[in-house]
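Architecture and fold: a report
Spelled out from the first residue to the last, the chains are:
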Amino acid sequence: MLYVYGVVRARDGADPDLEGVGHARAEVRFLTSGSIAAAVSTIPENFVIDEDAARAHLQVLIGLLDQGPVIPLRLGTIGEDENGVRAEILDAAPAELAQRLDSLDGLVELHVDADDDEAEAIAAIAAAAPRPTFERFDLESGIAVGEQVASLLIAHRQSLADAILRQLQPLAVRDTPRSVINTGEDPVLRWAFLVQVDDVSRFDETVMGIQANYPSLSIRYVGPLPAAHFVDWDASITQEQHTDSFTGSGKWGW
Amino acid sequence: MTAMQSANRAPRPSSLADVLEIVLDKGIVIDAYVRLAVVGIEILTLDARIVIASVDTYLRFAEAVNRLDLQPQEQVAGLPGLMNELQESGAKRKTRGALAGVRDTASEVASSFRGGEDEEEEEPVEERRRAPAKRAAARPRRRRPADEES
(Lines give C-alpha, C1' and ligand atoms only; values in the text may rest on other atoms or scores of the structure.)
Protein backbone atom coordinates (compact mmCIF):
# COMPACT_ATOMS: atom_id res chain seq x y z
CA MET A 1 0.00 0.00 0.00
CA LEU A 2 1.20 3.47 -0.86
CA TYR A 3 0.43 6.66 0.96
CA VAL A 4 0.23 9.67 -1.36
CA TYR A 5 1.17 13.14 -0.12
CA GLY A 6 0.88 15.37 -3.11
CA VAL A 7 1.68 16.03 -6.73
CA VAL A 8 4.90 17.75 -7.76
CA ARG A 9 6.86 18.29 -10.95
CA ALA A 10 8.42 15.17 -12.43
CA ARG A 11 11.38 13.87 -10.49
CA ASP A 12 12.86 10.46 -9.79
CA GLY A 13 14.13 8.58 -6.82
CA ALA A 14 13.57 9.41 -3.21
CA ASP A 15 14.08 12.40 -0.95
CA PRO A 16 16.21 11.37 2.02
CA ASP A 17 15.29 14.52 3.94
CA LEU A 18 11.63 13.60 4.12
CA GLU A 19 10.12 11.23 6.64
CA GLY A 20 6.81 9.65 5.74
CA VAL A 21 3.82 8.42 7.70
CA GLY A 22 3.18 5.02 9.24
CA HIS A 23 6.57 4.07 10.62
CA ALA A 24 9.84 5.69 11.56
CA ARG A 25 11.96 6.93 8.66
CA ALA A 26 9.46 5.85 6.03
CA GLU A 27 11.13 6.81 2.78
CA VAL A 28 9.33 9.32 0.58
CA ARG A 29 9.86 8.58 -3.11
CA PHE A 30 8.49 9.79 -6.40
CA LEU A 31 6.38 8.11 -9.08
CA THR A 32 6.60 9.99 -12.33
CA SER A 33 4.23 10.08 -15.25
CA GLY A 34 4.95 12.62 -17.98
CA SER A 35 5.76 15.98 -16.46
CA ILE A 36 4.32 15.31 -13.01
CA ALA A 37 5.11 13.03 -10.10
CA ALA A 38 3.37 11.76 -6.99
CA ALA A 39 5.21 11.80 -3.66
CA VAL A 40 4.50 8.47 -1.95
CA SER A 41 5.72 6.19 0.80
CA THR A 42 5.01 2.58 1.65
CA ILE A 43 2.67 2.00 4.58
CA PRO A 44 1.90 -1.14 6.53
CA GLU A 45 -1.41 -2.93 5.90
CA ASN A 46 -2.70 -2.01 9.33
CA PHE A 47 -1.95 1.68 8.82
CA VAL A 48 -4.21 3.99 10.81
CA ILE A 49 -4.19 7.73 10.56
CA ASP A 50 -3.38 9.35 13.85
CA GLU A 51 -2.03 12.66 15.01
CA ASP A 52 1.56 11.71 14.11
CA ALA A 53 0.44 10.82 10.60
CA ALA A 54 -1.33 14.14 10.19
CA ARG A 55 1.77 16.02 11.31
CA ALA A 56 4.07 13.88 9.14
CA HIS A 57 1.83 14.43 6.11
CA LEU A 58 2.06 18.20 6.56
CA GLN A 59 5.79 18.04 7.23
CA VAL A 60 6.37 16.15 3.97
CA LEU A 61 4.33 18.73 2.04
CA ILE A 62 6.34 21.55 3.64
CA GLY A 63 9.56 19.73 2.72
CA LEU A 64 8.41 19.26 -0.88
CA LEU A 65 7.58 22.94 -1.10
CA ASP A 66 11.27 23.74 -0.61
CA GLN A 67 11.96 22.23 -4.01
CA GLY A 68 9.08 23.51 -6.06
CA PRO A 69 5.32 23.78 -6.31
CA VAL A 70 3.14 21.19 -4.57
CA ILE A 71 -0.48 20.20 -4.99
CA PRO A 72 -1.42 18.80 -1.59
CA LEU A 73 -3.62 15.74 -1.49
CA ARG A 74 -5.97 15.22 1.36
CA LEU A 75 -4.80 13.44 4.48
CA GLY A 76 -5.48 9.73 4.09
CA THR A 77 -5.03 9.37 0.35
CA ILE A 78 -3.92 5.78 -0.22
CA GLY A 79 -3.22 3.72 -3.34
CA GLU A 80 -2.90 -0.04 -3.76
CA ASP A 81 0.33 0.09 -5.77
CA GLU A 82 2.45 2.21 -8.09
CA ASN A 83 0.33 1.51 -11.15
CA GLY A 84 -2.79 2.44 -9.24
CA VAL A 85 -1.34 5.76 -8.12
CA ARG A 86 -0.17 6.56 -11.64
CA ALA A 87 -3.47 5.63 -13.24
CA GLU A 88 -5.82 7.16 -10.68
CA ILE A 89 -3.94 10.29 -9.72
CA LEU A 90 -1.27 11.29 -12.21
CA ASP A 91 -3.06 10.21 -15.37
CA ALA A 92 -6.47 11.34 -14.19
CA ALA A 93 -5.93 14.93 -15.29
CA PRO A 94 -2.27 15.37 -16.25
CA ALA A 95 -2.63 18.64 -18.15
CA GLU A 96 -4.62 20.27 -15.38
CA LEU A 97 -2.22 19.07 -12.72
CA ALA A 98 0.79 20.39 -14.63
CA GLN A 99 -0.95 23.69 -15.23
CA ARG A 100 -1.90 23.97 -11.60
CA LEU A 101 1.69 23.33 -10.56
CA ASP A 102 2.83 26.10 -12.87
CA SER A 103 0.31 28.49 -11.36
CA LEU A 104 1.61 27.75 -7.85
CA ASP A 105 5.27 28.14 -8.78
CA GLY A 106 7.02 30.67 -6.59
CA LEU A 107 4.04 31.08 -4.29
CA VAL A 108 3.64 30.02 -0.67
CA GLU A 109 0.80 30.16 1.79
CA LEU A 110 1.14 32.11 5.03
CA HIS A 111 -1.29 32.05 7.92
CA VAL A 112 -1.90 34.94 10.26
CA ASP A 113 -4.03 34.38 13.35
CA ALA A 114 -4.87 37.07 15.87
CA ASP A 115 -6.55 36.69 19.22
CA ASP A 116 -7.40 39.28 21.79
CA ASP A 117 -7.78 38.88 25.52
CA GLU A 118 -11.49 38.49 26.07
CA ALA A 119 -11.54 40.18 29.47
CA GLU A 120 -9.58 43.15 28.14
CA ALA A 121 -11.79 43.42 25.08
CA ILE A 122 -14.94 43.38 27.18
CA ALA A 123 -13.48 45.98 29.52
CA ALA A 124 -12.72 48.22 26.54
CA ILE A 125 -16.25 47.74 25.23
CA ALA A 126 -17.81 48.39 28.60
CA ALA A 127 -15.81 51.61 29.00
CA ALA A 128 -17.27 53.03 25.79
CA ALA A 129 -20.82 54.07 25.03
CA PRO A 130 -23.31 52.54 24.69
CA ARG A 131 -22.78 50.68 27.92
CA PRO A 132 -24.55 47.41 28.45
CA THR A 133 -26.54 47.75 31.64
CA PHE A 134 -28.56 45.35 33.69
CA GLU A 135 -32.21 46.23 34.07
CA ARG A 136 -32.86 43.53 36.61
CA PHE A 137 -30.78 40.88 38.25
CA ASP A 138 -32.35 37.90 36.58
CA LEU A 139 -31.49 35.44 33.87
CA GLU A 140 -33.31 37.30 31.13
CA SER A 141 -31.50 40.53 31.82
CA GLY A 142 -28.21 38.66 32.03
CA ILE A 143 -28.75 37.13 28.60
CA ALA A 144 -29.77 40.48 27.15
CA VAL A 145 -26.59 42.12 28.45
CA GLY A 146 -24.53 39.20 27.17
CA GLU A 147 -26.08 39.57 23.73
CA GLN A 148 -25.19 43.25 23.66
CA VAL A 149 -21.64 42.47 24.70
CA ALA A 150 -21.39 39.74 22.07
CA SER A 151 -22.48 42.04 19.25
CA LEU A 152 -20.13 44.78 20.43
CA LEU A 153 -17.29 42.25 20.65
CA ILE A 154 -17.98 41.08 17.10
CA ALA A 155 -17.87 44.66 15.80
CA HIS A 156 -14.72 45.39 17.81
CA ARG A 157 -12.91 42.34 16.46
CA GLN A 158 -14.13 42.92 12.93
CA SER A 159 -12.66 46.41 12.95
CA LEU A 160 -9.34 45.04 14.23
CA ALA A 161 -9.39 42.37 11.52
CA ASP A 162 -10.10 44.98 8.85
CA ALA A 163 -7.20 47.11 10.04
CA ILE A 164 -4.82 44.15 9.91
CA LEU A 165 -6.06 43.01 6.50
CA ARG A 166 -5.63 46.48 5.03
CA GLN A 167 -1.91 46.14 5.70
CA LEU A 168 -1.43 42.54 4.63
CA GLN A 169 -3.72 42.11 1.63
CA PRO A 170 -1.67 44.38 -0.65
CA LEU A 171 1.35 42.09 -0.10
CA ALA A 172 -0.49 38.94 -1.13
CA VAL A 173 -1.42 37.57 -4.53
CA ARG A 174 -4.60 36.17 -3.04
CA ASP A 175 -6.06 35.82 0.41
CA THR A 176 -8.95 34.04 2.02
CA PRO A 177 -10.52 33.75 5.47
CA ARG A 178 -9.97 30.46 7.23
CA SER A 179 -12.85 31.29 9.51
CA VAL A 180 -15.01 34.35 9.90
CA ILE A 181 -16.35 36.21 12.91
CA ASN A 182 -19.90 35.08 13.51
CA THR A 183 -20.23 34.93 17.27
CA GLY A 184 -18.81 36.67 20.28
CA GLU A 185 -16.50 33.72 20.83
CA ASP A 186 -14.82 33.88 17.45
CA PRO A 187 -11.24 35.15 17.26
CA VAL A 188 -10.10 38.38 15.66
CA LEU A 189 -8.43 36.82 12.64
CA ARG A 190 -7.89 33.45 10.96
CA TRP A 191 -6.57 34.20 7.49
CA ALA A 192 -4.55 32.59 4.72
CA PHE A 193 -2.42 34.57 2.27
CA LEU A 194 -0.87 33.40 -0.98
CA VAL A 195 2.41 35.27 -1.21
CA GLN A 196 5.26 35.41 -3.71
CA VAL A 197 8.39 33.90 -2.19
CA ASP A 198 10.20 37.16 -2.86
CA ASP A 199 7.63 39.09 -0.82
CA VAL A 200 7.78 36.89 2.26
CA SER A 201 10.33 39.05 4.05
CA ARG A 202 8.20 42.16 3.50
CA PHE A 203 5.25 40.23 4.79
CA ASP A 204 7.32 39.23 7.85
CA GLU A 205 8.13 42.86 8.58
CA THR A 206 4.53 43.93 8.20
CA VAL A 207 3.31 41.23 10.58
CA MET A 208 5.96 42.32 13.10
CA GLY A 209 4.77 45.89 12.70
CA ILE A 210 1.17 44.86 13.32
CA GLN A 211 2.18 43.02 16.47
CA ALA A 212 4.04 46.13 17.64
CA ASN A 213 1.02 48.33 16.95
CA TYR A 214 -1.39 46.00 18.70
CA PRO A 215 0.54 44.69 21.72
CA SER A 216 -2.62 43.34 23.33
CA LEU A 217 -3.22 41.04 20.38
CA SER A 218 -1.64 37.63 20.38
CA ILE A 219 -0.56 36.99 16.80
CA ARG A 220 0.43 33.61 15.40
CA TYR A 221 2.21 33.64 12.09
CA VAL A 222 2.88 30.38 10.26
CA GLY A 223 4.50 29.46 6.98
CA PRO A 224 5.60 28.89 4.33
CA LEU A 225 2.95 26.23 3.83
CA PRO A 226 1.72 24.47 0.69
CA ALA A 227 -1.04 26.49 -0.92
CA ALA A 228 -3.80 24.30 0.43
CA HIS A 229 -6.33 27.12 0.67
CA PHE A 230 -5.69 28.24 -2.89
CA VAL A 231 -5.73 25.02 -4.87
CA ASP A 232 -9.23 25.49 -6.12
CA TRP A 233 -10.22 22.83 -8.48
CA ASP A 234 -12.45 23.20 -11.47
CA ALA A 235 -15.24 20.68 -11.21
CA SER A 236 -15.15 20.25 -14.99
CA ILE A 237 -12.11 18.00 -14.84
CA THR A 238 -14.06 15.45 -12.86
CA GLN A 239 -13.40 12.03 -14.27
CA GLU A 240 -16.33 9.93 -15.36
CA GLN A 241 -15.20 6.58 -13.94
CA HIS A 242 -16.86 6.97 -10.62
CA THR A 243 -17.74 3.66 -9.10
CA ASP A 244 -18.11 4.62 -5.47
CA SER A 245 -21.33 6.49 -4.85
CA PHE A 246 -20.67 6.75 -1.14
CA THR A 247 -18.47 9.79 -1.16
CA GLY A 248 -20.42 12.10 -3.38
CA SER A 249 -20.63 13.68 -6.73
CA GLY A 250 -17.24 13.68 -8.39
CA LYS A 251 -13.83 12.16 -8.55
CA TRP A 252 -12.29 15.43 -7.54
CA GLY A 253 -13.69 17.40 -4.73
CA TRP A 254 -12.87 19.26 -1.61
CA MET B 1 0.29 40.59 27.50
CA THR B 2 2.34 43.40 28.94
CA ALA B 3 5.53 42.29 27.26
CA MET B 4 5.39 42.84 23.55
CA GLN B 5 5.07 39.59 21.74
CA SER B 6 7.14 39.01 18.68
CA ALA B 7 5.39 37.76 15.59
CA ASN B 8 8.12 35.45 14.41
CA ARG B 9 7.06 33.12 11.68
CA ALA B 10 6.69 29.50 12.74
CA PRO B 11 7.50 26.89 10.10
CA ARG B 12 4.42 24.83 10.89
CA PRO B 13 1.27 25.06 12.97
CA SER B 14 1.59 23.69 16.48
CA SER B 15 -1.96 22.70 17.30
CA LEU B 16 -3.51 19.58 15.86
CA ALA B 17 -6.60 21.54 14.86
CA ASP B 18 -4.47 23.84 12.70
CA VAL B 19 -2.65 20.87 11.15
CA LEU B 20 -5.94 19.22 10.27
CA GLU B 21 -7.29 22.44 8.86
CA ILE B 22 -4.59 22.24 6.21
CA VAL B 23 -4.18 18.53 5.51
CA LEU B 24 -7.72 17.35 6.10
CA ASP B 25 -9.98 20.23 5.16
CA LYS B 26 -8.09 21.58 2.20
CA GLY B 27 -6.12 18.94 0.34
CA ILE B 28 -7.44 17.75 -2.98
CA VAL B 29 -9.64 14.70 -2.62
CA ILE B 30 -9.42 11.73 -4.89
CA ASP B 31 -12.25 9.83 -3.43
CA ALA B 32 -11.45 6.44 -4.94
CA TYR B 33 -8.47 6.43 -2.65
CA VAL B 34 -9.72 7.93 0.54
CA ARG B 35 -10.20 5.14 2.96
CA LEU B 36 -12.36 4.82 6.01
CA ALA B 37 -9.25 5.37 8.11
CA VAL B 38 -9.93 9.05 7.74
CA VAL B 39 -13.54 8.98 8.74
CA GLY B 40 -12.84 8.93 12.45
CA ILE B 41 -10.83 12.11 12.22
CA GLU B 42 -13.39 13.73 10.03
CA ILE B 43 -16.15 13.22 12.54
CA LEU B 44 -13.86 14.29 15.32
CA THR B 45 -12.94 17.57 13.72
CA LEU B 46 -16.50 18.36 12.82
CA ASP B 47 -17.49 17.80 16.41
CA ALA B 48 -14.59 19.80 17.74
CA ARG B 49 -15.57 22.75 15.65
CA ILE B 50 -19.17 22.99 16.66
CA VAL B 51 -19.33 26.40 18.25
CA ILE B 52 -22.64 27.90 19.08
CA ALA B 53 -23.20 31.33 20.51
CA SER B 54 -25.05 29.97 23.46
CA VAL B 55 -26.67 31.24 26.57
CA ASP B 56 -23.51 30.13 28.35
CA THR B 57 -21.47 32.58 26.33
CA TYR B 58 -23.85 35.43 26.82
CA LEU B 59 -23.90 34.85 30.54
CA ARG B 60 -20.14 34.72 30.63
CA PHE B 61 -19.98 38.08 28.87
CA ALA B 62 -22.64 39.51 31.15
CA GLU B 63 -20.72 38.38 34.17
CA ALA B 64 -17.55 39.96 32.82
CA VAL B 65 -19.41 43.23 32.49
CA ASN B 66 -20.89 42.72 35.91
CA ARG B 67 -17.44 42.33 37.40
CA LEU B 68 -16.58 45.73 36.04
CA ASP B 69 -19.14 47.25 38.43
CA LEU B 70 -21.00 49.22 35.85
CA GLN B 71 -24.40 48.96 37.46
CA PRO B 72 -25.90 49.85 40.82
CA GLN B 73 -24.74 47.38 43.40
CA GLU B 74 -28.16 46.61 44.80
CA GLN B 75 -29.31 45.45 41.39
CA VAL B 76 -26.61 42.89 40.87
CA ALA B 77 -26.53 41.30 44.28
CA GLY B 78 -28.06 38.09 43.07
CA LEU B 79 -26.55 37.97 39.63
CA PRO B 80 -23.08 36.47 39.99
CA GLY B 81 -24.33 33.52 41.98
CA LEU B 82 -27.06 32.79 39.50
CA MET B 83 -24.63 33.00 36.61
CA ASN B 84 -21.98 30.91 38.24
CA GLU B 85 -24.50 28.22 38.83
CA LEU B 86 -25.76 28.28 35.28
CA GLN B 87 -22.29 28.42 33.84
CA GLU B 88 -20.63 25.73 35.83
CA SER B 89 -21.69 22.95 33.57
CA GLY B 90 -21.72 24.82 30.34
CA ALA B 91 -18.65 26.99 30.15
CA LYS B 92 -16.09 24.23 30.28
CA ARG B 93 -17.59 21.66 28.03
CA LYS B 94 -16.92 23.29 24.70
CA THR B 95 -13.19 23.42 25.23
CA ARG B 96 -13.12 19.77 26.11
CA GLY B 97 -14.10 18.77 22.61
CA ALA B 98 -11.72 21.19 21.00
CA LEU B 99 -8.78 19.96 23.03
CA ALA B 100 -9.40 16.31 22.37
CA GLY B 101 -6.75 14.62 20.29
CA VAL B 102 -7.19 12.44 17.28
CA ARG B 103 -6.64 9.35 19.34
CA ASP B 104 -9.92 9.97 21.11
CA THR B 105 -12.69 8.24 19.32
CA ALA B 106 -15.40 10.24 17.70
CA SER B 107 -17.88 8.80 20.13
CA GLU B 108 -15.82 10.00 23.08
CA VAL B 109 -15.86 13.48 21.70
CA ALA B 110 -19.53 13.24 20.93
CA SER B 111 -20.20 12.12 24.48
CA SER B 112 -18.18 15.03 25.83
CA PHE B 113 -20.64 17.29 24.07
CA ARG B 114 -23.53 15.26 25.32
CA GLY B 115 -21.85 15.48 28.71
CA GLY B 116 -23.04 19.07 28.95
CA GLU B 117 -26.61 17.99 28.52
CA ASP B 118 -26.16 15.24 31.03
CA GLU B 119 -24.87 17.70 33.57
CA GLU B 120 -27.79 19.96 32.98
CA GLU B 121 -30.07 17.05 33.57
CA GLU B 122 -28.20 16.22 36.70
CA GLU B 123 -28.81 19.56 38.34
CA PRO B 124 -32.48 19.02 38.99
CA VAL B 125 -31.68 15.52 40.18
CA GLU B 126 -29.38 16.97 42.77
CA GLU B 127 -32.11 19.33 43.86
CA ARG B 128 -34.43 16.41 44.19
CA ARG B 129 -31.86 14.51 46.14
CA ARG B 130 -31.58 17.30 48.61
CA ALA B 131 -35.28 17.93 48.87
CA PRO B 132 -36.36 14.39 49.68
CA ALA B 133 -33.64 14.21 52.31
CA LYS B 134 -35.33 17.06 54.12
CA ARG B 135 -38.71 15.54 53.67
CA ALA B 136 -37.43 12.20 54.81
CA ALA B 137 -36.10 13.76 57.95
CA ALA B 138 -39.36 15.49 58.64
CA ARG B 139 -41.50 12.49 57.89
CA PRO B 140 -39.32 9.42 58.28
CA ARG B 141 -42.11 6.90 58.68
CA ARG B 142 -43.81 7.70 55.45
CA ARG B 143 -41.01 6.24 53.30
CA ARG B 144 -40.11 3.23 55.31
CA PRO B 145 -43.07 1.05 54.58
CA ALA B 146 -42.52 1.50 50.88
CA ASP B 147 -38.84 0.54 51.23
CA GLU B 148 -39.72 -2.57 53.18
CA GLU B 149 -42.29 -3.66 50.64
CA SER B 150 -39.70 -3.77 47.90
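Report on the accompanying structure. No experiment lies behind these values; they were computed from the predicted model shown.

1. Looking at the overall build of chain A
For chain A, the helix and strand inventory stands at 6 helices and 11 strands. Burial statistics for chain A: of 254 residues in total, 50% are counted as buried. By sequence separation, contacts in chain A at least 24 residues apart represent 71% of the contacts at least 6 residues apart.

2. Some remarks on unusual backbone geometry
A cis amide bond links Gly-223 of chain A with the next residue in sequence, Pro-224 of chain A, at an omega value of 0°. If you trace the backbone, Pro-224 of chain A turns up in strand β10 (residues 218-225).

3. Some remarks on the pattern of salt bridges
All names here are of chain A. Scanning all chains against the criterion turns up 15 salt bridges over all chains. One salt bridge in this structure joins Arg-9 and Asp-102, with 2.8 Å as the shortest N-O distance. Here the residue Arg-9 occupies a position in strand β1 (residues 2-9), and Asp-102 occupies one in helix α3 (residues 94-104), the gap between them amounting to 93 residues. Given a relative accessible area of 32%, Arg-9 falls into the partly exposed group. Under the relative-accessibility criterion, Asp-102 is labelled partly exposed at 48%. Between Arg-220 and Asp-113 there is a salt bridge whose closest N-O contact spans 3.1 Å. Here Asp-113 lies in strand β7 (residues 107-115) and Arg-220 lies in strand β10, a separation of 107 residues in the sequence.

4. A short note on the packing of helix α4 (residues 118-127) of chain A against helix α5 (residues 139-168) of chain A
Relative orientation and spacing of two packed helices are given, respectively, by the angle between their axes and the distance between those axes. Residue and element names in this part refer to chain A. Closest axis-to-axis distance for the α4/α5 pair is 10 Å, and the angle between their directions is 100°. Comparing the axis directions of α4 and α5 gives the class roughly perpendicular. Along the contact surface, α4 presents Glu-118, Ala-121, Ile-122 and Ile-125, while α5 presents Val-149, Leu-152, Leu-153, His-156 and Arg-157. The class makeup of the residues in the contact of α4 with α5 is 6 nonpolar, 1 polar and 2 charged.

5. Examining the nonpolar core
Core analysis: the biggest nonpolar cluster contains 56 residues, and Leu-64, Val-112, Leu-189, Phe-193 and Phe-203 of chain A together with Val-23 of chain B have the highest contact counts within it. In contact with Phe-193 of chain A, not counting residues within four places along its chain, are Val-108, Glu-109, Leu-110, Val-112, Leu-165, Leu-168, Gln-169, Ala-172, Arg-174, Asp-175, Phe-203 and Phe-230 of chain A.

Criteria and cut-off values
Residues numbered from 1 in each chain as written. Chains lettered and ligands numbered in written order. Predicted model: local features only at pLDDT ≥ 70, side-chain atom pairs only at ≥ 80, totals over all residues. Heavy atoms only, no water. Helix = DSSP H or I, 4+ residues; strand = E, 2+ residues; numbered from the N terminus. Buried < 20%, exposed > 50% of the residue type's maximum accessible area, 1.4 Å probe, protein only. Contact = heavy atoms within 4.5 Å. Salt bridge = Lys/Arg side-chain N within 4 Å of Asp/Glu carboxyl O. Axes fitted to C-alpha atoms, helices over the stretch in contact; angles between N-to-C directions. Parallel < 35°, antiparallel > 145°, perpendicular 65-115°, else oblique. Nonpolar A, V, L, I, M, F, W, Y, C, P; charged D, E, K, R; others polar. Core = buried A, V, L, I, M, F, W, Y, C linked by side-chain atoms within 4.5 Å.

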